[in-house]
Amino acid sequence: MIMTLEEYRRKRDFSKTGEPEGKIENAKDRVERIFVVQKHKATHLHYDLRLEIDGVLKSWAVPKGPPLREGIKRLAVQTEDHPIEYADFEGVIPEGEYGAGTVEIWDKGTFIAEEIDDNKIIVNLNGTKMNGRYILIKLKPSPRLKGENNWLLFKKEK
Ligand code: MN
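Residues numbered from 1 in each chain as written. Predicted model: local features only at pLDDT ≥ 70, side-chain atom pairs only at ≥ 80, totals over all residues. Heavy atoms only, no water.

Caption draft 1: Region of the structure containing the coordination of the manganese ion. Bound to the manganese ion on the protein side are H40 (ND1), H46 (NE2) and D48 (OD), at distances that span 2.2 to 2.3 Å. Read in sequence order, the donor residues coordinating the manganese ion give the pattern H-x5-H-x1-D. A single burial state applies to H46 and to D48, both of which are buried. (Donors = N, O, S within 2.8 Å, 3.2 Å for Na, K, Ca; no water. Buried < 20%, exposed > 50% of the residue type's maximum accessible area, 1.4 Å probe, protein only.)

Caption draft 2: Molecular detail of the pairing of strand β6 (residues 101-116). Bridge count for strand β1 (residues 32-41) against β6 is ten bridges, and the pairing is antiparallel. Note on β6: the bridge partner recorded for R33 is F111. The pairing of strand β5 (residues 91-93) with β6 spans three bridges and is classified as antiparallel. Residue pairing in the sheet places I93 in a bridge with G101 of β6. Here six bridges tie β6 to strand β7 (residues 120-126), and the two strands are oriented antiparallel to one another. Counted as the bridge partner of E115 is I122 from β7. Hairpin connection, β6 to β7: the antiparallel pair is bridged by three residues. (Pairing = 2+ DSSP bridges. Helix = DSSP H or I, 4+ residues; strand = E, 2+ residues; numbered from the N terminus.)

Structure follows, in structure tokens:
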């Protein structure tokens with residue numbers, strides 16, 4: 001996975017939004033990493049799942065929210081990488097700006113990565129709401145779900 005905050009920065013005017021401009025952390029060889037889920041009341045309510053990978057927060061918008069038990073699969077649409085500092089962001093993104101609306105932290109914690117590759121991610125989350133082994137699988141484009149950014153998110157213990 002490529003480290004980049006270019007798309008994140010291009011979409012935002014930091015003189016208008018309170019969101020962090022961020023810097024790319026040196027890719028840390030940490031065993032325990034951070035994750036956050038931000039409830040984002042924008043045009044459409046969604047939940048942004050962000051996982052610390054390669055010094056940035058890899059991000060997915062989950063329209064129906066992350067599943068909290070096994071047996072539920074949720075669509076997770078990958079969005080641009082966010083800076084690590086974004087994990088602490090809560091507040092209002094002004095009208096007219098990208099993602100305008102309110103952001104609140106819905107869950108936060110740490111995780112241990114079991115597998116990370118371009119099409120599959122397995123993490124063991126240690127959060128308040130999200131706890132346990134979660135899997136993200138990248139979907140191939142289909143007539144119903146076009147594009148390269150669609151993933152499935154579900155909880156599955158071994
Ligand atoms: Mn969002």
